[in-house]
Amino acid sequence: MPSPAQLKKLQTVAKAAAVKAYAPYSKFRVGAAVLTESGKIFSGCNVENASYGLCNCAERTAIFSAVAAGERKFKCVVVYTPTKTATAPCGACRQVIYEFGPKIRVYSFCNGPDRIDGSIRSLLPAAIGPEDLD
Ligand code: THU
């Protein structure tokens, strides 16, 4: 679990990341921030493409950025959308988050009081994980 101060910082980082979103097609800007076990924060935004299927969500941008920096242990993922209701990670992002541990917590927030707060295991029940390939 992140501390209240960490969560606040993660929310600030995720909100700032949404400003960087490249979303000319959907116009739906998303920002994400991941907290590593070592206490580092990595951010990400959605990056769309004229070939729509290649759009990458903010959550995956953040996770991949952290992994590229050598991090593989995560405490939580925070998602921000400038909407009235909180946005849950899509199925693909849930699977990518789950890869790094069923206990990772996901928090989504928005411009209203709505929140999502749950473990990735609860968001993606009966998921396949690395241990299933042993
Ligand atoms: N998107 C995210 O980045 N994260 C989510 O949790 C939901 C969806 C992006 C993908 C696409 O660029 C746009 O939002 C509309 O689906």
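Predicted, not measured: the structure shown is a model, and the values here were computed from it. (Residues numbered from 1 in each chain as written. Predicted model: local features only at pLDDT ≥ 70, side-chain atom pairs only at ≥ 80, totals over all residues. Heavy atoms only, no water.)

Trainee: Pulling in residues and values, what's your account of the layout of surface pockets?
Mentor: Quantified by volume, the largest pocket comes out at close to 190 Å³. Looking at the largest pocket, it is lined by 14 residues, and the ones nearest its centre are Phe28, Val30, Asn46, Cys57 and Glu59. Per-class residue counts for the lining of the largest pocket are eight nonpolar, four polar and two charged. (1 Å grid on protein atoms, 1.4 Å probe; cavity = no way out; pocket = protein on both sides within 12 Å on 5 of 7 lines; lining within 4 Å. Points joined across faces, edges and corners; volume = space filled by probe spheres on them. Nonpolar A, V, L, I, M, F, W, Y, C, P; charged D, E, K, R; others polar.)

Trainee: Requested: an account of the pairing of strand E5 (residues 115-119), with residues and values cited.
Mentor: Note that strand E4 (residues 105-109) and E5 share five bridges and pair antiparallel. Of the residues in E5, the one forming a bridge with Arg105 is Ser119. Remark: five residues form the turn of the hairpin made by E4 and E5, two consecutive strands paired antiparallel. (Pairing = 2+ DSSP bridges. Helix = DSSP H or I, 4+ residues; strand = E, 2+ residues; numbered from the N terminus.)

Trainee: So, the site of the ligand: which residues are in play, and what are the values?
Mentor: Taken together, the residues surrounding the ligand are Ser26, Phe28, Val30, Asn46, Glu48, Cys57, Ala58, Glu59, Thr87, Ala88, Pro89 and Cys90. Between the ligand and Ala58 there is a distance of 2.9 Å, counted from an oxygen atom to a backbone nitrogen or oxygen. Contact distances for the ligand include 2.5 Å between an oxygen atom and a side-chain N or O atom of Glu59. Protein contacts shield 80% of the accessible area of the ligand, which totals 370 Å² for the unbound molecule. For the ligand, the cavity whose grid points lie within 2 Å of the majority of its atoms is the largest pocket. Per-class residue counts for the shell around the ligand are seven nonpolar, three polar and two charged. (Near = heavy atom within 4 Å. Polar contact = N/O pair within 3.5 Å; in protein donor to acceptor, adjacent residues only side chain to side chain. Areas by Shrake-Rupley, 256 points an atom, 1.4 Å probe, with all protein chains shown as cover. Sits in = over half its atoms within 2 Å of the grid points.)

Trainee: Quick one: what's the story with the nonpolar core, residue by residue and with numbers?
Mentor: Ranked by internal contacts, the top residues of the largest apolar core, which has 20 residues, are Val34, Ile63, Phe74, Val77, Ile97, Ile104 and Ile120. Elements that contribute at least two residues to this core include exactly strand E1 (31-36), helix H2 (58-68), strand E3 (74-80), helix H3 (91-98) and helix H4 (120-123). Take this core: its biggest share by element is four residues, from H2. Setting aside its immediate chain neighbours within four residues, Ile104 contacts Phe74, Lys75, Cys76, Val77, Ile97, Gly118, Ser119 and Ile120. Counting eleven residues, the second-largest nonpolar core is a separate cluster that includes Ala18, Leu35, Cys76 and Tyr107. (Core = buried A, V, L, I, M, F, W, Y, C linked by side-chain atoms within 4.5 Å. Buried < 20%, exposed > 50% of the residue type's maximum accessible area, 1.4 Å probe, protein only. Contact = heavy atoms within 4.5 Å.)

Trainee: With reference to specific residues and values, describe the sheet that holds strand E2 (residues 41-45).
Mentor: With mixed pairing, the five strands of this open sheet are ordered in space as E2-E1-E3-E4-E5. If you trace the sheet from one side to the other, it starts and ends with E2 and E5, each paired once. Neighbouring strand axes in the sheet, compared pairwise and without regard to direction, differ in orientation by 15° on average. Sheet topology note: the E1/E2 ladder contains five bridges and is antiparallel. Within the sheet, the bridge partner assigned to Val34 lies in E2 and is Phe42. Contacts from H2 reach E1, E2 and E3, with the element oriented near 140° to E2. (Axes fitted to C-alpha atoms, helices over the stretch in contact; angles between N-to-C directions.)

Trainee: Go over the pattern of salt bridges, please, and point to the residues and values.
Mentor: Under the criterion given, the structure shown has two salt bridges. For the salt bridge of Glu71 with Lys40, the shortest nitrogen-to-oxygen distance reads 2.9 Å. Of this pair, Glu71 sits in the loop between H2 and E3 while Lys40 sits in the loop between E1 and E2, and the two are 31 residues apart along the sequence. With a relative accessible area of 11%, Glu71 lands in the buried category. Of the residues examined, Lys40 reaches a relative accessible area of 44% and is grouped as partly exposed. Residues Arg105 and Asp117 are paired through a salt bridge, measuring 3.0 Å at the closest nitrogen-oxygen approach. (Salt bridge = Lys/Arg side-chain N within 4 Å of Asp/Glu carboxyl O.)

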